[in-house]
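An overview of the molecular structure
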Amino acid sequence: MPGHRPLEYAVIPRPPRSSKPTVAEADAWADVLVRRHLLFAAVLTPTGQWLVQERPDGPVRVLAGPADLLALAAILQQYTRSTRPESR
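Residues numbered from 1 in each chain as written. Predicted model: local features only at pLDDT ≥ 70, side-chain atom pairs only at ≥ 80, totals over all residues. Heavy atoms only, no water.

Attention now moves to the pattern of salt bridges. Under the definition given, this model contains three salt bridges. Between E54 and R61 there is a salt bridge whose closest N-O contact spans 3.8 Å. The partner of R55 in a salt bridge is D57, with the nearest N and O atoms 3.4 Å apart. (Salt bridge = Lys/Arg side-chain N within 4 Å of Asp/Glu carboxyl O.)

So this is what it looks like as structure tokens:
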């Protein structure tokens, strides 16, 4: 049926997290985002902030901490899924 999304692509609301994202969790996501070429670089600073860059010649963004990096990962994941040919 045109315009119908298959069940496996349906967005299911998740309950709120019971804990704050950890540095280890953010580090794992940063690694995935860089390996999948969704980010050019993601670096954890000694202050706990993250420096991220989408392209080699792009601006460097400063994220406040793990929660911001996970929020960015969610946005990039949603964008990637929405632009796949099979999800249109």
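Read across the sheet, three strands follow the order β1-β2-β3 without closing on themselves; strand pairing throughout is antiparallel. Edge strands, defined here as strands with exactly one partner in the open sheet, are β1 (41-44) and β3 (60-63). The sheet shows a mean angle of 20 degrees between the axes of neighbouring strands, taken without regard to direction. Here four bridges tie β1 to strand β2 (residues 50-53), and the two strands are oriented antiparallel to one another. (Pairing = 2+ DSSP bridges. Helix = DSSP H or I, 4+ residues; strand = E, 2+ residues; numbered from the N terminus. Axes fitted to C-alpha atoms, helices over the stretch in contact; angles between N-to-C directions.)

Function cannot be inferred from these measures alone, as they are strictly geometric.
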